[in-house]
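Examining the three-dimensional arrangement
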Amino acid sequence: MHQSERVTVGMTCFNARDTIGKAIRSAQSQDWSDLEILIVDDASTDGSPEYVTSLIADDPRIRLIRHSENGGAAKARNTIIEAATGDFIVFFDDDDESAARRVMLQVAAIKAFEASKGSRAVACYASGERIYSNGHLKPLPAIGSAGPTPCGTGVADYLLFYRRRPGYFYGSGTPTCALMARRELFRKLDGFDASLKRVEDIDFAIRLALAGGCFIGTAEKLFLQHSTEGSDKSPDANRSAEIAVAKKHEGYLRSIGKYHYASHWPNLRYHHFKRQYFRFIAHFLLIAARNPILATSHLLATGPKRLRHERRMNKRNMQ
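These remarks concern the structure in this document. No experiment lies behind these values; they were computed from the predicted model shown.

Once that is clear, we can look at the environment of Asp 193. Along the chain, Asp 193 turns up in the loop between α6 (183-188) and α7 (200-210). Taking the relative accessible area as the measure of exposure, Asp 193 reaches 17% and is therefore buried. When the C-alpha positions of Asp 193 and Phe 215 are compared, they lie 20 Å apart, and in sequence the two are 22 residues distant. Setting aside residues up to four positions removed in sequence, Asp 193 forms contacts with Ala 74, Glu 200, Asp 203, Arg 207 and Lys 248. Side-chain polar atoms of Asp 193 contact the side chain of Ser 195, separated by 2.6 Å.

This next bit is on unusual backbone geometry. Among all residues except glycine, the phi angle is most often negative; among peptide bonds, the trans geometry is most common. Here Val 199, not a glycine, exhibits a phi torsion of approximately 50°, which is positive. Although it is not a glycine, Arg 275 adopts a positive phi angle of roughly 60°. Looking at where Arg 275 falls in the secondary structure, it is placed in the loop between α10 (259-273) and α11 (277-290).

Oppositely charged side chains may form a pair once their charged atoms are brought near each other. What the rule picks out here adds up to 18 salt bridges. Across the pair Arg 101 and Glu 220 runs a salt bridge whose closest N-O atoms are separated by 3.2 Å. Of this pair, Arg 101 sits in the loop between β5 (96-98) and α4 (102-117) while Glu 220 sits in strand β9 (residues 214-226); the two residues are 119 residues apart in sequence, bridging distant segments of the chain. The exposure class of Glu 220 is partly exposed, given its relative accessible area of 37%.

The next point concerns the packing of helix α1 (residues 20-28) against helix α2 (residues 48-56). It is the contact of α1 with α2, at a shortest axis distance of 11 Å, that shows an interaxial angle of 35°. Like other packed secondary-structure pairs, α1 and α2 cross with a definite hand, here right-handed. Between α1 and α2, the residues in contact are Ile 20, Gly 21 and Ile 24 and Tyr 51, Val 52, Leu 55 and Ile 56, respectively.

Cut-offs and rules
Residues numbered from 1 in each chain as written. Predicted model: local features only at pLDDT ≥ 70, side-chain atom pairs only at ≥ 80, totals over all residues. Heavy atoms only, no water. Helix = DSSP H or I, 4+ residues; strand = E, 2+ residues; numbered from the N terminus. Buried < 20%, exposed > 50% of the residue type's maximum accessible area, 1.4 Å probe, protein only. Contact = heavy atoms within 4.5 Å. Polar contact = N/O pair within 3.5 Å; in protein donor to acceptor, adjacent residues only side chain to side chain. Salt bridge = Lys/Arg side-chain N within 4 Å of Asp/Glu carboxyl O. Axes fitted to C-alpha atoms, helices over the stretch in contact; angles between N-to-C directions. Left-handed = near helix turned anticlockwise from the far one by under 90°.

This is the structure:
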């Protein structure tokens, strides 16, 4: 493929000294000639920036930008978007490893879409795998990697309240660690919402969808995600952020009669993770009273998958 266009690999770093070395090496190994790598350290306290500085000293393609105060992943990614000089921006996580063909294949997918559709309002997600500390592997197929291309409100509705459009393949959703798009698209959408400490990737995708954007994906698995724990990944943080996203898009949700549903469903996940089963049942009945068919189909589609995943994890932990 002709590689005259520059690609910016963006990587945020926060207390990732033990993992970021592999992530940087996977960025350096990309099969793309015009590459810049921007690493934003979000005020790490574990020596990460000093370690990164030692790793990148001999590679002029890499630049480290340091935040003096911790602002969260969304703010760090916005720093990357502002500083990027690439025609495309692709995000790598500080504890993930990407295949050498990842950049090339995602650029190819975007260009093929543009050639056939004549539109640049498109985001491309890579398929991958998640590995847990106990060795369990979970496939992460990319949205849009099969079937017709998901576009517009059909994606926003899925992300906000799990309405699935027949034929669309939603895969594992819209994680930033798998995302590539043109720099101009990130800037047109004003990047990520820095007020959100979680699910800012979902909010970005919702805004793209409501603007008429499309979502494509690679069928090939192109990254390995190492599952980690952290206070920012707690059930409390997730619930707060998910409700904030529903509130942010309240106007659209009320226009289709789904604000109550979208703003209450995060409580179900929260009560499940907290093992508050009576509250779970009470909240489900509250939601189902207004949307019985959607609530029942949503629970039947996601509940058994969640339980099977937890059983597999518990089984491996006991081995």
